[in-house]
Amino acid sequence: MKIVFTPDWFLLGDVLIDLISFATLLLFFIFSVKSYKMSKNKKSLYLGIGFLLIALAELAVIFTKFILYYDTGVTQTIGQMIVTHNVVQSVDIFYYLGFFFHKFFTLIGLYIIYMIPVEKKSKGEMIIAFYLILLSSILSSGIYYYIFYITALIFLVFIVYRYYRLYETNRSTNSCMLVLALAILGAGFAVMIMSKMSYVYVFGQILQLVSYIILLVLIIRITKHGKEKKPQ
Amino acid sequence: MERKRSHNEIISDILSIIQEKRGKIKPTHLMYKANLSHAQMKLYLEEMMKMGLLAKVEAMIEITKKGREFFLKYQQMKEFEKTFGL
């Protein structure tokens, strides 16, 4: 059973795309926290937490891919430790744990972002959602890898719809860019459902890269917004 | 009828007005432009001077470097909140 679908020629590109994604998400987290500190608006904080979790998900997958793709001393050392304690093969543990945290944190992050505009949050519903996310993260391995992408896509469809409705209200270029970026990210997840074929996987990753580049441009635009207001 | 401005919005308005006047303004002009009563303006000016956002130089109210930075950060925050509908 193939562990990852990345073709050999795309290994470095794969990790670089995840690094760019991580950096962009971290920027959004920092901005959200700064916004919360100034306005004390809890929605900013929750948004930041959502971004942070997805950033941690990217970090988990970067670390896992790096270990899997490049035969480093860390893998070998951990392999010896695992062998000493008679546990299953180290590579399998790395794969499952790393990709589990990637899926789990991504879905939790998307769920939090989805829930931000909801005024009355039911604890029961949140517990059920948490359980379903956990189940989805655990079950979407091996031949059922697509479960994660379908779940993430469903979240993104609702998130994109919400932000599209916001764009219809405020007609802001930045909101439009946000909708576009998230829609492309969703398209990337849709493509990844069929990512057993390596070229499809590459295309999905490229869509993810495009999406995060748009988000990066967005955060730069927001940062420059205040500087545009110069005194007369 | 416009909704009531928040505390931070009033501070931002004051800073914006002073910046538009090349960084300094007479207190009376500020009061009219910011649409504040004398008592309100006095309170806000005291607070903003305490925060280091404004300074009184002779008879004029001047925006400080910290005030300009605060205004910039506030604009960025407002744009961020507008983008995400927060």
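Since the model is a prediction, treat every value here as computed from it, not as a measurement. (Residues numbered from 1 in each chain as written. Chains lettered and ligands numbered in written order. Predicted model: local features only at pLDDT ≥ 70, side-chain atom pairs only at ≥ 80, totals over all residues. Heavy atoms only, no water.)

Considering the overall build of chain B
This is how it is decided: Secondary structure elements are defined from DSSP: runs of H or I of at least 4 residues count as helices, runs of E of at least 2 residues count as strands, and each element is numbered from the N terminus. It is over C-alpha atoms that the radius of gyration is taken, and the globule rule equals 2.2 Å times the number of residues to the power 0.38. The cut-offs for exposure are 20% and 50% of the maximum accessible area for each residue type, with area from a 1.4 Å probe on protein chains only; residues under the lower value are buried, those over the upper are exposed, and the others partly exposed.
Tallying secondary structure elements over chain B gives four helices and three strands in all. Tracing chain B from N to C terminus, the helices and strands come up as α-β-α-α-β-β-α. By the compact-globule yardstick of 12 Å for 86 residues, chain B fits well, its C-alpha radius of gyration being 13 Å. Seen through its C-alpha atoms, chain B measures out along the principal axes to roughly 45 × 30 × 20 Å. Across the 86 residues in chain B, those meeting the buried criterion constitute 44%.

Some points on the interface of chain A and chain B
What counts here: Any two residues whose heavy atoms approach within 4.5 Å are treated as being in contact. Take the accessible area each of two parts loses on contact, using a 1.4 Å probe, and add the two losses: that sum is the buried area. A side-chain nitrogen of Lys or Arg and a carboxyl oxygen of Asp or Glu constitute a salt bridge if their distance falls within 4 Å. In protein, a polar contact requires one atom able to donate a hydrogen and another able to accept it; more generally it is a pair of N or O atoms within 3.5 Å, and residues adjacent in sequence count only if both atoms are side-chain atoms.
Each partner contributes residues to the interface: chain A has 28 residues there, and chain B has 20 residues. In total, chain A and chain B occlude about 2,200 Å² of area from one another, counting both sides; carbon and sulfur atoms represent 68% of this. Linking chain A with chain B are zero salt bridges. At the junction of chain A with chain B, the criterion picks out six residue pairs in polar contact (both at pLDDT 80 or more). Those elements that provide at least two residues to the side of chain A that touches chain B are α1 (11-39), α2 (42-69), α6 (146-170), α7 (173-192) and α8 (198-228) of chain A.

Description of the packing of aromatic side chains
All names here are of chain A. Cut-off, in case you're wondering: Note on aromatic pairs: the rings of Phe, Tyr and Trp (six-membered ring only in Trp) are paired at centre separations within 6.5 Å, and the planes decide the class, stacked below 30 degrees, edge-to-face beyond 60, tilted for the rest. The rule is short: NZ of Lys or CZ of Arg within 6 Å of the ring centre and within 35 degrees of the ring normal puts a charge over the ring.
In the structure shown here, the tally under the stated rule is 23 aromatic pairs over all chains. Ring centres of F101 and F105 lie 5.7 Å apart, and the angle between their planes is 25 degrees; this geometry places the pair in the stacked category. With F101 and F105 both in helix α4 (residues 90-115) and four residues apart, the pair spans about one turn of that helix. The exposure class of F105 is partly exposed, given its relative accessible area of 21%. The ring of Y36 carries K40 above its face, with NZ or CZ at 5.7 Å from the centroid.

As for the pairing of strand β3 (residues 60-63) of chain B
In the case of a regular strand, side chains alternate between the two sheet surfaces. Residues and elements named next belong to chain B. Selection rule: Criterion used throughout: strands pair if DSSP finds at least two bridges between them.
On β3, burial follows the alternation: I61 and I63 on one face are buried, whereas M60 and E62 on the facing-out side are not. Two elements, strand β2 (residues 54-57) and β3, share four bridges in a ladder whose sense is antiparallel. Along β3, the bridge assignment pairs A55 with E62.

Overview of the confidence of the model for chain B
Defined as follows: Scored from 0 to 100, pLDDT reflects the predictor's confidence in each residue.
In the predicted model, chain B carries a mean pLDDT of 90, and 98% of its residues have values of at least 70. Scoring the predicted complex yields pTM 0.85 and, for the interface, ipTM 0.82.

Concerning the confidence of the model for chain A
Per-residue confidence for chain A gives a mean pLDDT of 85, with 84% of residues at or over 70. Helix α3 (residues 73-84) of chain A is the least confidently modelled element of chain A, averaging 51 in pLDDT, while α7 of chain A averages 95, the highest of any element.

Re α1 of chain A
Selection rule: A helix's residues, less one, multiplied by 1.5 Å, set its expected span.
Relative to the 42 Å expected for 29 residues at 1.5 Å per residue, α1 of chain A spans 42 Å between its end C-alpha atoms, a close match to the ideal helical length. One or two positions beyond α1 of chain A, positive phi appears at K40 of chain A, with a value near 60 degrees.

Here's the deal with the packing of helix α1 (residues 7-20) of chain B against helix α4 (residues 65-84) of chain B
Residue and element names in this part refer to chain B. So the rule is basically this: Angular values range over 0 to 180 degrees, each being the angle between N-to-C directions of two axes fitted as lines to C-alpha atoms, with helices fitted over their stretch in contact. Roughly parallel here means an angle under 35 degrees, roughly antiparallel means over 145, roughly perpendicular means 65 to 115, and every remaining angle is called oblique. Put simply, a crossing is left-handed when the front helix is turned counterclockwise from the back one by less than a right angle, and right-handed when it is turned clockwise. Throughout, the ten residues Ala, Val, Leu, Ile, Met, Phe, Trp, Tyr, Cys and Pro are labelled nonpolar, Asp, Glu, Lys and Arg are labelled charged, and all others, Gly among them, are labelled polar.
At their nearest, the axes of α1 and α4 sit 10 Å apart, and the two run at 125 degrees to each other. Taken together, α1 and α4 sit at an angle that is classed as oblique. With respect to the hand of their crossing, α1 and α4 are arranged in left-handed fashion. Judged by residue contacts, N8, E9, I11, S12, L15, S16 and Q19 of α1 engage G67, R68, F70, F71, Y74, Q75 and K78 from α4. Its residues assigned to classes, the contact of α1 with α4 shows five nonpolar, six polar and three charged.

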